[in-house]
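# Observations on chain architecture
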Amino acid sequence: MNCPRCKVSMQLETIKEKNYQLEIDRCPQCDGIWLDFEEMKKLESIVEPVAWEVRQIPPQVDQLIGLYCPRCPDSPLLIKADHPRDRHVIIDYCKKCQGTWLDPGELTAIQQEHFLISLYHFIRDLGH
Ligand SMILES: [Zn+2]
Ligand SMILES: [Zn+2]
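I will try to describe carefully the structure that is included in this document. Model, not experiment: these values are computed from the prediction.

### Describing the environment of lysine 7
- Examined against the element boundaries, lysine 7 turns out to sit in the segment before β1 (11–16).
- Put simply, lysine 7 and cysteine 27 are 20 residues apart on the chain and 9.0 Å apart in space, counted from C-alpha to C-alpha.
- There is a polar contact of 3.0 Å between the side chain of lysine 7 and the backbone oxygen of proline 4.

Below is the structure:
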C-alpha cells in the first residue's frame, strides 16, 4: 500500500499501548500513518462507548490537499474532519473502508491523549 501523500510504499508497524496493540501502516517519508477500521475496531472491547459530537469541515484549499484512499481499489477521495476535542488535528478518513489517515503530529496527539480510542468512535459514528 502506498502513502496517499508521498506515493511511496508504507511499512507495517505495531503500536503497543498498555491495553492494546495495533497494526498500522507508516510512511517512511512523511511519517504519516494509515489505520484500517478493523484495527480501530479492536478498541471497542476495551473502552466504554463515548458519544462524540461530529463536525465536518470543508476542505481548505491551501492547507488541506485532497488525499485518496490507499486501501480501496477505486481510491475514493478521503473526507476531512477535525476532531471535536482538538481542532488542530485534521483527520482524513475513507467513507468506504473507514480507514483513517493521520499526519505525523497527529499520532503523537493520539498517544498522549488516548485520542485513538475517541477517534475510533468518531469514525464509526461518521460511517453509520
Ligand atoms: Zn508519506
Ligand atoms: Zn478506503
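### Concerning the sheet that holds strand β4 (residues 79–82)
- Strand order across the open sheet formed by 6 strands is β1-β2-β3-β6-β5-β4, with antiparallel pairing between neighbours. Each end of this open sheet is capped by a strand with a single partner; those strands are β1 and β4. Looking at each pair of strands side by side, their axes are set apart by 35 degrees on average, direction ignored.
- In this structure, strand β2 (residues 21–26) lies alongside strand β3 (residues 33–35), joined through 2 bridges in antiparallel fashion. Each bridged residue has a counterpart across the sheet, and for arginine 26 the counterpart in β3 is isoleucine 33.

### Brief notes about the coordination of the zinc ion (ligand 1)
- All of the protein donors around the zinc ion (ligand 1) are Cys3 (SG), Cys6 (SG), Cys27 (SG) and Cys30 (SG); their distances to the metal are 2.3 Å.
- Taken together, the 4 donor atoms surrounding the zinc ion (ligand 1) define angles of 106 to 115 degrees at the centre, an arrangement classified as tetrahedral.
- Binding-site remark: the zinc ion (ligand 1) is held by donors from one chain whose sequence spacing is C-x2-C-x20-C-x2-C.
- Owing to a relative accessible area of 0%, cysteine 27 belongs among the buried residues under this scheme.

Reading the values: the criteria
- Residues numbered from 1 in each chain as written.
- Chains lettered and ligands numbered in written order.
- Predicted model: local features only at pLDDT ≥ 70, side-chain atom pairs only at ≥ 80, totals over all residues.
- Heavy atoms only, no water.
- Helix = DSSP H or I, 4+ residues; strand = E, 2+ residues; numbered from the N terminus.
- Polar contact = N/O pair within 3.5 Å; in protein donor to acceptor, adjacent residues only side chain to side chain.
- Pairing = 2+ DSSP bridges.
- Axes fitted to C-alpha atoms, helices over the stretch in contact; angles between N-to-C directions.
- Donors = N, O, S within 2.8 Å, 3.2 Å for Na, K, Ca; no water.
- Tetrahedral: all angles 85-135°; square planar, octahedral: opposite > 155°, others 65-115°.
- Buried < 20%, exposed > 50% of the residue type's maximum accessible area, 1.4 Å probe, protein only.

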